[in-house]
Every structure is written in C-alpha cells, then in structure tokens.
Amino acid sequence: MAKQKKRQPQQTQSGGMANEAAKNANSLKEILNTDTLGKLKQLEREMKEEGERKAREAAEQKRREQEERERNKSFAELLDDYEKKGGGKYS
C-alpha cells in the first residue's frame, strides 16, 4: 500500500505537468493576443493622430491661401466685394 500511495502523487505530478504546460500555452496565447491587441490599438491611435494632423495642416494651408488671395486683390475687386456686402455709403 505504501508503494501505491507513492505512485499516486507521481501520476498527479505528470498530469500536473500536462496541465501546467496547457496553462503556459494558454497564458502565452493570451500574452501574444494582448501584445498584438495593444500594438493594433497603438497603430490605430497613431493613424488617427496622423489624420487629424493632416486635416489641421490642410485647414491651415487653405487659410493661408485665402489670406494671400485677399492680399493680392486689386482695388476693383475690393470695391466689388464692398458693394456686394452692402457696405456702400448710400445703399
């Protein structure tokens, strides 16, 4: 009987090793999944920030171009704009 008792723990140890290996495989899988998920989320944030940055740059460029057009208007164009807005003295 004493021998049987010794064998039982050995069997559970080998079974425990299989369970531990399975747990390690699952935890490795979970680690890889969380790693990959983290990288994907970071990439998504970077792409979003890049899109926002490009949108801001485009808006700034458009504003600069509009400002440049306003500066380069001739007197006749300025006068036409003024009259269209109803800013004439006798309107």
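Quick caveat: nothing in here was measured; it's all calculated off a predicted structure.

Q: Which residues make up the overall build of the protein, and what are the values?
A: Looking only at helices and strands, the protein has two helices and zero strands in total. Evaluated residue by residue, the protein yields a buried proportion of 0% over its 91 residues. Only carbon and sulfur atoms are counted for the fraction: they give 54% of the accessible area of the protein, which is about 8,900 Å².

Q: An account of the pattern of salt bridges is requested, with residue identities and associated values reported.
A: All chains considered together, the criterion is met by ten salt bridges. With a shortest N-O distance of 2.5 Å, E60 and R63 are connected by a salt bridge. In this pair, E60 and R63 both sit in helix α1 (residues 2–71), three residues apart, roughly one turn of the helix. Its relative accessible area of 41% is what places R63 among the partly exposed residues. Through salt bridges with shared partners, one network takes in E60, R63, R64, E67, E68 and R71.

Q: Break down a nonpolar patch on the surface for me, with residues and values.
A: Residues L40, L43 and M47 make up a contiguous nonpolar surface patch of about 320 Å² in total accessible area. Among the secondary structure elements, L43 is positioned in helix α1. For L43, a relative accessible area of 43% corresponds to the partly exposed category.

Scoring rules and cut-offs
Residues numbered from 1 in each chain as written. Predicted model: local features only at pLDDT ≥ 70, side-chain atom pairs only at ≥ 80, totals over all residues. Heavy atoms only, no water. Helix = DSSP H or I, 4+ residues; strand = E, 2+ residues; numbered from the N terminus. Buried < 20%, exposed > 50% of the residue type's maximum accessible area, 1.4 Å probe, protein only. Areas by Shrake-Rupley, 256 points an atom, 1.4 Å probe, with all protein chains shown as cover. Salt bridge = Lys/Arg side-chain N within 4 Å of Asp/Glu carboxyl O. Patch = residues over 30% accessible without salt bridge, like charges linked within 9 Å, V, L, I, M, F, W, Y side chains within 5 Å.

Such coordinate-based values are descriptive only and should not be taken to indicate function.
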